[in-house]
Amino acid sequence: MPTPLTRTLVVNGEDRTVTVADDGEQLLYVLRNQLDQRGPRFGCGVAQCGACTVLVDGEIRRSCVTPLRTVPEGASVATLDGLDANGAHPLQRAFIEQQAAQCAFCVNGIIMGAAGWLEQRNESGETAAPSDEEIAAFLSGEVGESTFNYLCRCGAHVRMIRAIRQAAEELLS
Ligand code: FES
Ligand code: FES
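This part covers helix α4 (residues 132–139). Looking at α4, one finds that the buried residues are Ile 135, Ala 137, Phe 138 and Leu 139. Looking at the residues trailing α4, positive phi occurs at Gly 141, about 80°.

Put into structure tokens, the structure is as follows:
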């Protein structure tokens, strides 16, 4: 039996209240259909690709498999839509400069995952930019708090590694 739920979340710095008929509604659909956030995308729907990646209280989350009931009241949710609030984020600039996409469908989630990962490294006191090997491991789901991998069906991973390294160096400088 579906259970209705109302939550107030802080989405990209703004209080937003949503009501769903079923508290198992995934965060991805709440963000896209009710809150007009077009950053997170539906790719696979089963936590395998990363296109729907957002940050919940700074944690990397796959919004396609995050029921709204598991997101705490008042949680902060960051999507790509808000990443340029203070001008283009270094990751966004680096992805453009390195031309790190072909179709770009995967990029929204990869940028958000990378933003969360670089922030987590920063908070843990890491002072050096990640190596290409570390970034490749991150994209493969082998490092960081998140064990999810990121798929790019166009095969732009090598350019993405360059872009993430460029942004990491800029964020540390
Ligand atoms: S759509 Fe969520 S991981 Fe693919
Ligand atoms: S650029 Fe097309 S899926 Fe990644």
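Read on for the rest.
On to the packing of helix α2 (residues 90–97) against helix α3 (residues 107–123). In contact at an axis separation of 10 Å, α2 and α3 are set at 130° when each is read in the N-to-C sense. Judged by the inter-axis angle, α2 sits oblique to α3. Crossing hand, α2 versus α3: right-handed. Together, Leu 91, Gln 92 and Phe 95 of α2 and Val 107, Ile 110, Ile 111, Ala 114, Ala 115 and Leu 118 of α3 make up the contact between the two elements.

This part covers the domain arrangement of the protein. Partitioning the protein into structural domains gives domain 1 (5–79) and domain 2 (90–172). Taking the mean C-alpha position of each, domain 1 and domain 2 sit 21 Å from one another. Interface area for domain 1 against domain 2, summed over the two sides, is near 1400 Å², with a carbon-plus-sulfur share of 58%. It is Arg 41, Ile 60 and Arg 62 that lose the most area in domain 1 upon contact with domain 2, and together they represent 40% of the buried surface on that side. Summed over the shared surface of domain 1 and domain 2, the number is zero salt bridges. For the pair domain 1 and domain 2, the number of links is six residue pairs in polar contact (both at pLDDT 80 or more).

With that settled, consider helix α1 (residues 27–34). Among all positions of α1, only Leu 27, Leu 28, Val 30 and Leu 31 are buried. Check the buried side of α1 and you find it contacts β1 (5–11), β2 (14–20), β3 (53–56) and β5 (76–78). Downstream of α1 by a residue or two, Asp 36 has a phi angle that is positive, lying close to 55°.

Considering all chains together, one arrives at six salt bridges under this definition. With its nearest N and O atoms 3.5 Å apart, the salt bridge here joins Arg 38 to Asp 36. A relative accessible area of 52% places Asp 36 in the exposed class. Residues participating in the shared-partner salt-bridge network are Arg 121, Glu 126 and Glu 134.

Another point: the sheet that holds β1. Sheet architecture is open: five strands sit in the order β2-β1-β5-β3-β4, paired in mixed fashion. What marks the edges here is a single partner per strand, and that holds for β2 and β4 (59–62). Between one strand axis and the next, the sheet turns by 40° as a mean value, whatever way the strands run. Of the pairings in the sheet, the one linking β1 to β5 comprises two bridges and is parallel in character. Within β5, the residue paired with Val 10 across the bridge is Ser 76.

On to the side chain of Gln 92. Tracing the sequence through the fold places Gln 92 in helix α2. Under the relative-accessibility criterion, Gln 92 is labelled buried at 15%. With residues up to four places along the chain from it excluded, the contact list for Gln 92 reads Leu 80, Leu 83, Asp 84 and Ile 111.

With that settled, consider the layout of surface pockets. If you add up the space inside the largest pocket, you get close to 220 Å³. In this structure, the largest pocket is lined by 13 residues; those nearest its centre are Ala 115, Leu 118, Glu 119, Asn 122 and Leu 171. Grouping the constituent residues of the lining of the largest pocket by class yields seven nonpolar, three polar and three charged.

Rules behind the numbers
- Residues numbered from 1 in each chain as written.
- Chains lettered and ligands numbered in written order.
- Predicted model: local features only at pLDDT ≥ 70, side-chain atom pairs only at ≥ 80, totals over all residues.
- Heavy atoms only, no water.
- Buried < 20%, exposed > 50% of the residue type's maximum accessible area, 1.4 Å probe, protein only.
- Helix = DSSP H or I, 4+ residues; strand = E, 2+ residues; numbered from the N terminus.
- Axes fitted to C-alpha atoms, helices over the stretch in contact; angles between N-to-C directions.
- Parallel < 35°, antiparallel > 145°, perpendicular 65-115°, else oblique.
- Left-handed = near helix turned anticlockwise from the far one by under 90°.
- Contact = heavy atoms within 4.5 Å.
- Domains from an automatic or database assignment.
- Buried area = accessible area lost by both parts, 1.4 Å probe.
- Salt bridge = Lys/Arg side-chain N within 4 Å of Asp/Glu carboxyl O.
- Polar contact = N/O pair within 3.5 Å; in protein donor to acceptor, adjacent residues only side chain to side chain.
- Pairing = 2+ DSSP bridges.
- 1 Å grid on protein atoms, 1.4 Å probe; cavity = no way out; pocket = protein on both sides within 12 Å on 5 of 7 lines; lining within 4 Å.
- Points joined across faces, edges and corners; volume = space filled by probe spheres on them.
- Nonpolar A, V, L, I, M, F, W, Y, C, P; charged D, E, K, R; others polar.

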